[in-house]
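# Descriptive analysis of the structure
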Amino acid sequence: MMKAILLIFCSLLTGILSARAQDKRTVSGYVKDAANGEGLIGVSVYGKEAATGAVTNNYGFYAITVPPGTYSLIFTFVGYRKETRTVDLTMQNVRLDMELREEGRDLQEVTVSARREDDNVKSIEMSVNKIEMKTIQRIPALLGEVDVVRSIQLLPGVSTVGEGATGFNVRGGAIDQNLVLLDEAPVYNSSHLFGFFSVFNPDAVKDVKLVKGGIPSLYGGRISSILDVRMKEGNAKRPEVNGGIGVIFSRLTYERPLFKGRGSFIVAGRRSYADVLARPFLRGDLKGTRFFFYDFTAKANYRINDRNTVFLSGYLGRDVFGADFGFNWGNATTSLRWNHVFSDKLFLNTTAFYSNYDYLLDSDLRRTDTRDYFRWKSRIKNYSVKPDFTYFLKNNTLTFGGQALLYEFEPGTATAATGGVERSFGLERKYALESALYVGNEQQVSRRLQLQYGLRYSFYNYIGSGVAYTFFTNETPGQRRDVIPGLTQRYGRGETIQTYGNWEPRFSAKLDLGALSSLKLSYNRLAQYIHLVSNTTASTPLDVWTPSTNNIKPQIADQVAGGYFRNFGRTGTEYEASVEVYYKWLQNQIDYIDGADLLLNPLLEGELLNGRGRAYGSEFFLKKNKGTLTGWVSYTLARTERLVEGINNDRWFPTRFDRRHVLNLVALYDLNKRWSFSGTFSLSSGTPGTFPTNGYTFQGWLVPHNAENARNNYRIPPYHRLDLSATLQGRKRPGKKKEDNWVFSLYNVYNRRNPFSVFFQQADDRRTVNVNGEQVQIPQAEAIRYSIFASVIPSVTYNFKF
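Since we're looking at a predicted model, the values are computed, not measured.

This part is about empty space enclosed by the protein. For the structure shown, the criterion picks out eleven cavities of 30 Å³ or more. Counted as a void, the largest cavity has a volume near 500 Å³. Lining the largest cavity are 36 residues, with Arg150, Gln153, Thr160, Ser682 and Arg721 sitting closest to its centre. Partitioning the lining of the largest cavity into residue classes produces 16 nonpolar, 14 polar and six charged.

Rendered as structure tokens:
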């Protein structure tokens, strides 16, 4: 199968390279920011006379192929001055690199789509949101600290199970179904401090893109969404320092040119200091408590010549929590990329990356006890090579490439010592190899109709060394399955245990209804070969990743979506609006038997259940782009359900992250050149929970009981919160390059005690009842609302740049 695919792929590539027409000319080049040399993603380049254009790719490269002649090229990008250049293409191809300068506006504008102003209508992309860092930095945030992941939760179709929850949910998907990329390397836990902050340092982030549907064939490996975060490349014009001092952590970033402007680098670091501030107030056993996080981000690039540029970037971050007993977790990624321009039409980006996520439980963080301790660690590692080609043709942009990805899973290894006698135990490492080939094309069929279609084939190989178990099939679903004696088999290193292969077609279409509106439609199928094992209310840093095996099938999702997009207002793009509907089918969704033992269990696969899922809904979005008052309103009406044999009496039930209604309002107001204000309001339905329907007493204790065997049969109260922020810009002095500002914010303004979960316990009071003439004390149950934040949280942050 793979050989046939390779032959087709090579034939297609050969045909593409030989199809270069002699009666066409190509203009190509890079578009960069004139202030710092950063490549600009999504710049619109339009050939006026040919009525055709292109958009710069993730590295700022563009190419337009037209008949011979002289053309006026118009470069437009939101927040930058429009530039026009005349090029003579009568005799030969032309290389035209451009630098765009920011518009000198007195008042800022909010930008959610960082491309041309009518991109929401004219682009074929749908179910895609991009938020510029300038916008993210103005949104009120917890403790005044700008956060990428919290910002995207204000967009339609994105939610979370509550404050303090790791990750986010997109269109009914679990958190492990989101592919989070940092410079193309996957990040397996995107949160610091149990979900309160993300791992992305805002001072080092250039571009944030969330893809919820119509996912191009370039992406694979997850079935819900893609969060593609691109780091800054560093100021290639002059040295620059910026940072901030807040109530919870501080940050510092330094960037500068390299090799006389042929390269640049950026380094950025953050460290929280809540533990330092709290230390004088801690007594007794809490005196040595440590709770902090840090991260370090770095990136460098070097332009070898006009055709070759290399990039090296990395991230290292860690959270530490606990006193004598505690745990820590962290991510590490490294990406090495090579951009090569073969010709005016053919562009290559090759990426090699390494990613590691691990966590550690330790009974003695201080390392003072060498005789009695317990330590447990778990990790997942990735190694990958990924070539991606882009071929620019007249009215077509062809993308093709592949990926090879090696997984190394360490589900859990533990070391325990009692009286100085040490013993090690745990689970064996697991290995898997995932590879893929893909091809896609974006085609301008006519002035009104544009198509994007492609095909991806993914091949997965679960390999040794390791042990493969075979389990009985239970006649009664929902029960623990036992191993079949004699069918357990051990495999050597590199031996194939189980293989899976999936065709993943992708299709999108856009029909212009006029200059200001369009209809869009998309379909995609995606496969996911790894799984996050967690049966907690919300995922935690200690959850275990596991591969697809001979007993765990890969997850499959099919999604269709359609939408209507329109711009309106005095300028035509003052307002933008959209309505999207979607339906998603999910296969091979993991669930758990009652009382499942998920940690350090070699027979874990016998305690997992396999089910189906469905998610459907509609998303409404209205945004004001211009004026002193800008912002957006998003509303999502959705439902997410599962059907698993042995659970909920074999009936559909809502998932833990099902929120029927989600409303978000964002307002940004510029009072003058120095003062600006912002506010956000969020309102959403409560998430489902499994509550007891009755109870009984046993030896004087009340035992809650779910007599109906129902899953997620109640909902906790609705969630709503108001946040406000004010920014004071520092005075600008002639001849001084320093910029600074103060940010004052209030989180949870009206002290809403939002429930994260509701649980039940026996109350102190007892009720007296008459039983056969005797007075009997009956224990009572009480519901406890557990909240993360129950009061307003003020903060102040000082930011600087010079």
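Moving on from the coordinates now.
Turning our eyes to something else, we now look at the nonpolar core. By size, the foremost hydrophobic cluster in this structure holds 29 residues, and its most contacted members are Ile152, Phe168, Phe200, Val208 and Leu227. Contributing elements (two or more residues each) for this core: helix H3 (133-136), helix H4 (148-152), strand S12 (178-182), strand S16 (205-211), strand S17 (225-231) and strand S41 (661-670). When residues no more than four places from it in sequence are discounted, the contact partners of Ile152 are Ile131, Val158, Phe168, Val208 and Leu227. Formed by 28 residues, the second largest nonpolar core is a distinct cluster that contains Ile380, Leu405, Ile530 and Trp545.

Another aspect to go through is a positive patch on the surface. A cluster of basic residues, Arg731, Arg733, Lys736 and Lys738, forms a positive patch at the surface. Along the chain, Lys736 falls in the loop between strand S47 (719-729) and strand S48 (739-747). Residue classification places Lys736 among the exposed residues on the basis of a relative accessible area of 59%.

What follows deals with the pairing of strand S36 (residues 555-568). Taken residue by residue, a regular strand's side chains alternate between the two faces of the sheet. Counting buried residues along S36, ten of its 14 residues qualify, which places the element largely inside the surrounding structure. Summarising the sheet, strand S33 (residues 517-528) and S36 pair through twelve bridges and their orientation is antiparallel. Each residue of the ladder has a partner; that of Ser518, found in S36, is Phe565.

To continue, consider a nonpolar patch on the surface. The grouping of Val247, Trp742, Phe744 and Val796 at the surface amounts to a nonpolar patch, some 310 Å² of accessible area in total. Summarising the element assignment, Trp742 is placed in strand S48. In this structure Trp742 comes out as partly exposed when scored by relative accessible area, which is 39%.

Glancing now at the environment of Phe296. On the secondary structure map, Phe296 appears in strand S21 (residues 290-305). For the pair Phe296 and Gly314, spaced 18 residues apart in sequence, the C-alpha separation works out to 8.2 Å. Once residues within four sequence positions are removed from consideration, Phe296 is found in contact with Val267, Ala268, Gly269, Gly314, Tyr315 and Leu316.

When strand S38 (residues 608-624) meets strand S39 (residues 629-644), the two strands line up antiparallel, connected through 14 bridges. For Tyr616, the partnering residue across the bridge sits in S39 and is Arg639. In textbook terms, the turn of a hairpin is the stretch between consecutive antiparallel strands, and for S38 and S39 this stretch comprises four residues, one of which, Gly627, has a positive phi near 110 degrees. Here nine bridges tie S39 to S41, and the two strands are oriented antiparallel to one another. In the strand pairing of S41, Leu637 is matched with His661. Note that S39 and strand S40 (residues 653-654) share two bridges and pair antiparallel. The residue of S40 that forms the bridge with Glu641 is Pro654.

Within the open sheet, the four strands sit side by side as S3-S2-S5-S6. Their pairing is antiparallel. The two strands at the open ends of the sheet, each matched to only one other strand, are strand S3 (52-55) and strand S6 (83-88). Averaged over all neighbouring strand pairs, the angle between strand axes comes to 20 degrees, with direction disregarded. Strand direction decides the pairing type here: strand S2 (residues 44-47) and S3, joined by four bridges, are antiparallel. Pairing of Val45 across the sheet is with Ala54, part of S3.

Each value, and the rule that gives it
- Residues numbered from 1 in each chain as written.
- Predicted model: local features only at pLDDT ≥ 70, side-chain atom pairs only at ≥ 80, totals over all residues.
- Heavy atoms only, no water.
- 1 Å grid on protein atoms, 1.4 Å probe; cavity = no way out; pocket = protein on both sides within 12 Å on 5 of 7 lines; lining within 4 Å.
- Points joined across faces, edges and corners; volume = space filled by probe spheres on them.
- Nonpolar A, V, L, I, M, F, W, Y, C, P; charged D, E, K, R; others polar.
- Core = buried A, V, L, I, M, F, W, Y, C linked by side-chain atoms within 4.5 Å.
- Buried < 20%, exposed > 50% of the residue type's maximum accessible area, 1.4 Å probe, protein only.
- Helix = DSSP H or I, 4+ residues; strand = E, 2+ residues; numbered from the N terminus.
- Contact = heavy atoms within 4.5 Å.
- Patch = residues over 30% accessible without salt bridge, like charges linked within 9 Å, V, L, I, M, F, W, Y side chains within 5 Å.
- Areas by Shrake-Rupley, 256 points an atom, 1.4 Å probe, with all protein chains shown as cover.
- Salt bridge = Lys/Arg side-chain N within 4 Å of Asp/Glu carboxyl O.
- Lys, Arg positive; Asp, Glu negative; His and termini not counted.
- Charge placed at Lys NZ, Arg CZ, Asp CG, Glu CD.
- Pairing = 2+ DSSP bridges.
- Axes fitted to C-alpha atoms, helices over the stretch in contact; angles between N-to-C directions.

Everything listed here is a matter of coordinates, which is why it stays silent on function.
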